Structure formats: C-alpha cells, structure tokens
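Architecture at a glance
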Amino acid sequence: MTERQKQSLFIKLLPRLIDMAHDLGYELTCGDLHSKESYLVHKVDSQHYRRLAIDLNLFKDGVFLKNTEDHRLLGDYWESLNPLCRWGGRYGDGNHYEII
C-alpha cells in the first residue's frame, strides 16, 4: 500500500472513530493532525509528519480526560477497524491514533 493510499484509508476510518466517541458520550477537540518536521514537536519518525496520525483531546461532561486509560475504549475500537490502525496508548500516548 502506498503512503497516499494509507492517508486515504486514515481519513476514511477517522470519522468512524469520531462517531464512536460521540456515541459513548464524549466530546472531542483536535490536537495535532499534521505537523511539519521543521516544527520538531513530535519524535523524528512520527506518523504526524506523514499525515497518518492525529491526537484527539477527549472530554466528558466538560472535563478534559488526560489519562491514557481514558482513551482505552476508543483505542481498542480504532485498532479493530483495520490491521494498520495503531493506538498510542500501547506506549503511553493515549490520545494518539495512527495508521502504520
């Protein structure tokens, strides 16, 4: 699969994740969706630089949920959508969702 095809798959699956969050009663705001390497805000090999990752800020009843565990249901769901989907909670970055 080419990188451009992965980018299309990522955008195709992302609304499903957002809808699931809303179905579970969460609100979301976007963190980083795409970052230029010159910004140096992510690790060197970050999928953000390739337009294959997003950070989602999760809220419940107006309260910002910061912990990785707060994202577990969404992370598990994301990974169930496609074998290329990875949740950052597996390595302590709970609000990170990507395609590898």
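To be clear, the structure that these remarks concern was listed above.
Presented here is a report on the structure given in the accompanying data block. All values derive from a computational prediction rather than experimental measurement.

Section: unusual backbone geometry
- Within the chain, Arg51 stands out as a residue other than glycine whose phi angle is a positive 60°.
- Of note, Asp61 is a non-glycine position whose phi angle comes to about 55°, a positive value.
- Summarising the element assignment, Asp61 is placed in the loop between strand S2 (53–60) and strand S3 (63–65).

Points about the pattern of salt bridges
- Enumeration over the complete set of coordinates arrives at four salt bridges.
- Note that Arg90 and Asp76 form a salt bridge whose closest N and O atoms lie 2.9 Å from each other. With Arg90 in the loop between strand S4 (85–87) and strand S5 (96–99) and Asp76 in helix H2 (residues 72–81), this pair connects stretches of sequence that are 14 residues apart.
- Classification of Arg90 as partly exposed rests on a relative accessible area of 47%.
- Put simply, Arg90 and Glu79 hold a salt bridge, and the shortest N to O gap is 2.6 Å. Remark: Glu79 occurs in helix H2 and Arg90 occurs in the loop between S4 and S5; sequence separation between them is 11 residues.

Brief notes about the packing of helix H1 (residues 3–23) against H2
- Running from N to C, H1 and H2 cross one another at 145°; their axes reach a closest spacing of 10 Å. Both H1 and H2 take part in a crossing whose hand is right-handed. Judged by residue contacts, Phe10, Leu13, Leu14, Arg16, Leu17, Met20 and Ala21 of H1 engage Leu74, Tyr77, Trp78 and Leu81 from H2.
- Residues that form the contact of H1 with H2 fall into these classes: 10 nonpolar, no polar and one charged.

Criteria and cut-off values
Residues numbered from 1 in each chain as written. Predicted model: local features only at pLDDT ≥ 70, side-chain atom pairs only at ≥ 80, totals over all residues. Heavy atoms only, no water. Helix = DSSP H or I, 4+ residues; strand = E, 2+ residues; numbered from the N terminus. Salt bridge = Lys/Arg side-chain N within 4 Å of Asp/Glu carboxyl O. Buried < 20%, exposed > 50% of the residue type's maximum accessible area, 1.4 Å probe, protein only. Axes fitted to C-alpha atoms, helices over the stretch in contact; angles between N-to-C directions. Left-handed = near helix turned anticlockwise from the far one by under 90°. Contact = heavy atoms within 4.5 Å. Nonpolar A, V, L, I, M, F, W, Y, C, P; charged D, E, K, R; others polar.

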